[in-house]
Every structure is written in structure tokens, then in C-alpha cells.
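Notes for the structure review
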2 protein chains.
Amino acid sequence: MAGSDIDLYFDFASPYAWFITGPLDALAAEHGRRVRWHPLMLWAVRKQFRLQPPMEGEARRSYLLRDAARSARFFGLEYREPPKLVVSTHLAARAYYWIEDRDGTLARRFGNAVFAAFFTQARDIGEPGVIGDIAGGLGIDRDELLTATKSPGLKQRLRDRVEEAARRGVWGSPFVFIDGEPFFGADRLPQIRRWLEEGGF
Amino acid sequence: MAGSDIDLYFDFASPYAWFITGPLDALAAEHGRRVRWHPLMLWAVRKQFRLQPPMEGEARRSYLLRDAARSARFFGLEYREPPKLVVSTHLAARAYYWIEDRDGTLARRFGNAVFAAFFTQARDIGEPGVIGDIAGGLGIDRDELLTATKSPGLKQRLRDRVEEAARRGVWGSPFVFIDGEPFFGADRLPQIRRWLEEGGF
């Protein structure tokens with residue numbers, strides 16, 4: 001019997017979110033589970049808890065940049081440090097939800113392409129033109145998509161998702177829930193693996 | 001040929017520091033390395049970088065408490081949540097350095113006993129009586145030790161260690177340096193393992 005869906009809350013500008021997506025999908029598949037993506041803006045949930053931005057403090061910032069590059073090598077991923085790591089990802093998130101309503105598989109391809117654009121091609125995913133190009137490359141009508149991202153309904157949907165995440169205690173990216181159990185960070189993959197194998201521990 | 005020493009900066013009140021000590025020693029031994037402990041007060045280094053305490057924000061606090069208990073199970077350690085997690089560890093740190101000057105092996109036994117007292121016996125390691133009892137149980141003269149922890153020289157030594165840590169970019173606990181490469185968190189053990197095996201990656 002397949003278990004319930006795994007929820008993944010994340011920000012498209014989070015390298016650790018990118019690192020977890022592939023291994024998490026593989027683990028989920030081994031255990032007959034699906035991973036549901038919930039992109040959001042990390043700053044928006046952290047603000048609700050009055051938490052500093054993750055890049056606050058020069059020592060932490062320089063460590064995280066170094067760790068992200070090293071972790072990419074560890075996970076076997078091509079990685080190029082984005083020219084600016086503080087980027088607003090509301091457009092990418094809204095676009096994801098709009099595509100997901102039409103085609104879940106296509107939405108995941110779009111999401112993976114957004115991560116790749118940001119972390120391997122140094123493209124500014126905060127720019128409508130870049131989001132349009134990524135969508136267009138996947139056969140999505142870029143004008144229809146970009147117009148939709150300005151609609152009140154889609155804006156509200158993203159706000160609702162941020163509030164839902166905050167209610168569930170999400171304060172970082174990536175944040176995973178399996179059967180209600182929270183796991184923060186790509187480095188919890190070994191614990192996630194054990195949780196799925198043993199049904200909790 | 002044995003490599004250079006591995007430096008471990010940590011706070012005795014950090015569960016993640018406790019989790020890393022055993023596996024890090026085992027990895028170091030496999031590679032002919034020694035681990036040098038540098039206990040300090042996490043709040044003191046974070047203050048230098050204007051970083052919030054790690055327990056700031058109710059959502060983060062409740063996650064970290066849950067994660068610490070789950071991580072203890074993951075690492076196969078007995079664990080009991082300390083009655084207060086915000087405890088001043090300057091006394092334990094000063095005592096560690098004083099013992100280390102006399103007997104490095106005994107200092108590590110003392111350090112392990114401090115961790116165990118805090119994380120398995122719910123004892124307040126900020127209390128001089130508790131530190132004295134732990135030391136006394138290892139055959140150390142408790143009165144001589146407690147008097148020494150008030151000496152200007154030992155106080156200055158701990159301050160110097162905090163400043164040295166800040167200069168090296170330490171902003172969390174545990175923080176490990178191997179051949180100059182920084183690793184933050186017990187969850188970097190897989191990367192530390194690979195670093196030692198491959199001499200960097």
C-alpha cells in the first residue's frame with residue numbers, strides 16, 4: 001500500500017532545496033510515495049517568526065556559499081554560484097502553481113529548469129523574461145503564463161501557501177513533512193531514508 | 001603519515017556538538033588524525049556576528065528540540081531533554097582547559113561526562129557544584145579546579161579562544177576545521193568522511 005504524500009516546502013533560491021529534490025524523489029519512489037512541491041518565499045515565512053535572513057552575518061554568509069559549492073560537489077551536481085543569492089522567487093512560485101493546475105509533470109519539469117537556470121546558468125529567476133523563457137522552452141505559452149502570474153487569484157494562492165507553511169512550523173528551506181514528521185535541510189536525507197524504511201524511529 | 005589535527009569548536013550545551021564527538025573521533029582515528037576540542041560559549045561568537053540565538057523563534061525552537069531527540073535516536077544515543085537548554089557553559093569550558101593543561105586524556109573524559117550530565121541526566125552544567133561533582137568523580141581535586149576557574153588567566157584564555165573562533169569564522173556549534181576547510185553541524189559527517197578519505201573533494 002502506498003503511503004501518504006510527502007510535502008516539500010522550499011524556496012527556488014535555496015541551494016539546499018535543489019540538492020534535496022533528486023534524492024527525495026528517489027527515496028519516495030522506493031517507498032511508493034509521491035513528493036508534492038510547495039514553493040514559497042523563505043523571507044516571508046521567516047518574517048512571520050522574526051528570524052534573520054539566512055545570509056545575515058558575514059561569517060555565516062561566507063560559510064554558506066562555500067558549503068553550497070562543496071555540497072553540490074558532494075551530491076554530484078554541476079553548480080555555479082548565482083551572481084545574487086537574494087532574489088525574489090514569488091514569480092517562479094506563482095508560475096509553478098499555475099502550471100501544476102494544468103499538468104503536474106510539466107510543473108516539475110518547469111521547477112527543475114528554474115533550479116538549473118539559477119544554480120548552473122547564473123540566470124536571474126526573479127526576472128519575468130527569464131521565467132517566460134524557461135516556460136516557453138517547455139512548450140508553455142509564455143504570455144499566458146506571465147499574465148496569469150499577475151492575477152489576484154494566483155497571488156492569493158501563494159500567500160495562502162506561505163501562511164499554511166508558517167502554521168505548520170516551516171521556518172527554513174527545504175522543509176519536508178512525512179506523516180506529519182518535520183525534517184529541515186538536505187542533510188536530513190539519512191534520517192528521512194530511515195523514517196521511510198522503518199515507518200518512523 | 002598522520003595528517004594535521006582536526007579542530008572542533010563547540011558549546012557544551014549544543015546537542016549537535018555531543019552527537020558529532022563520537023563519530024568524529026572514530027573517523028579521525030581511521031585516518032591517523034587527532035581531534036582537538038575547543039569548548040566555548042556559542043552566544044559569545046554569535047554576538048560578534050550579530051546573529052540571533054539558535055533557539056530564537058518558537059517554530060525554530062520547537063523544531064530543534066524535536067530534531068535533537070530524533071537525531072539522538074538516529075545516532076543511537078540515550079537522550080533526555082535538558083530542563084533548560086539556555087545555560088552558561090563558561091565554567092565547563094574553563095574547567096576543560098584547566099584539566100587539559102594537566103592531562104589531555106582526562107580532559108576528554110571530563111568533557112564526555114559534562115555532555116552526559118547535561119543530555120542524559122538533566123543536570124545543570126552551569127552550576128559550580130555540578131561541575132565540581134563531575135570532576136571529583138574522575139579523581140580531580142574539585143576545590144582546586146573550582147578555584148582555578150575563577151582565575152584571571154583561565155578567564156582570559158577562554159576569551160582568547162572565543163576571539164580566535166570568531167576570527168576563523170565560527171558562528172555555530174559544532175564547527176570543525178580539517179586542513180583549513182570548515183564544516184558546520186553534525187550533519188556534515190558524511191562530507192567530513194569523504195574529505196578525509198579523498199584529501200578534499
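This section reports on the structure supplied with the text. As the structure is a prediction and not an experimental result, all values here were calculated from the model.

**Section: the relation of the copies chain A and chain B**
- For the pair chain A and chain B, the best superposition has an RMSD of 0.0 Å and corresponds to a rotation of 180 degrees with a translation of 0.0 Å parallel to the axis. Expressed as an axis order, the relation between the two copies is that of a two-fold axis. When C-alpha positions in chain A are compared against the rotation axis, the closest is assigned to A:Asp187, at 2.9 Å.
- A shared interface surface links the copies, since 100% of the contact residues of chain A are contact residues in chain B too.

**A word on the interface of chain A and chain B**
- Between chain A and chain B, the contact holds 32 residues from the first and 32 residues from the second.
- A buried area of about 3,000 Å², summed over both sides, lies between chain A and chain B, and 53% of it is on carbon and sulfur atoms.
- Broken down residue by residue, the surface that chain A buries against chain B is led by A:Tyr63, A:Arg70 and A:Phe74, which jointly contribute 21%.
- Our enumeration of links across chain A and chain B arrives at eight salt bridges.
- Every element with two or more residues in the side of chain A that touches chain B is listed here: helix 3 (58-74), strand 4 (181-184) and helix 9 (189-198) of chain A.
- The residue inventory of the side of chain A that touches chain B, partitioned by class, reads 14 nonpolar, six polar and 12 charged.

**Some words on the environment of B:Gly172**
Residues and elements named next belong to chain B.
- Here glycine 172 is to be found in the loop between helix 8 (152-167) and strand 3 (175-178).
- For the pair glycine 172 and leucine 42, spaced 130 residues apart in sequence, the C-alpha to C-alpha distance is 6.5 Å.
- With residues near it in sequence (within four places) discarded, glycine 172 still touches Leu42 and Phe184.

**Quick notes on the pairing of strand 3 of chain B**
Residues and elements named next belong to chain B.
- Here strand 3 shows no split at all, with Phe175 and Phe177 on one side and Val176 and Ile178 on the other all buried.
- Bridge analysis of strand 1 (residues 6-10) against strand 3 gives three bridges, and the strand direction is antiparallel. Each bridged residue has a counterpart across the sheet, and for aspartate 7 the counterpart in strand 3 is phenylalanine 177.
- Here strand 3 runs beside strand 4 (residues 181-184); their pairing, made up of four bridges, is antiparallel. From the neighbouring strand, valine 176 faces strand 4, where its bridge partner is phenylalanine 183.
- Counting the residues between successive antiparallel strands, the hairpin from strand 3 to strand 4 contains two residues, one of them, aspartate 179, with a positive phi of roughly 50 degrees.

Conventions used here
- Residues numbered from 1 in each chain as written.
- Chains lettered and ligands numbered in written order.
- Predicted model: local features only at pLDDT ≥ 70, side-chain atom pairs only at ≥ 80, totals over all residues.
- Heavy atoms only, no water.
- Least-squares fit on C-alpha atoms with pLDDT ≥ 70 in both.
- Contact = heavy atoms within 4.5 Å.
- Buried area = accessible area lost by both parts, 1.4 Å probe.
- Salt bridge = Lys/Arg side-chain N within 4 Å of Asp/Glu carboxyl O.
- Helix = DSSP H or I, 4+ residues; strand = E, 2+ residues; numbered from the N terminus.
- Nonpolar A, V, L, I, M, F, W, Y, C, P; charged D, E, K, R; others polar.
- Buried < 20%, exposed > 50% of the residue type's maximum accessible area, 1.4 Å probe, protein only.
- Pairing = 2+ DSSP bridges.

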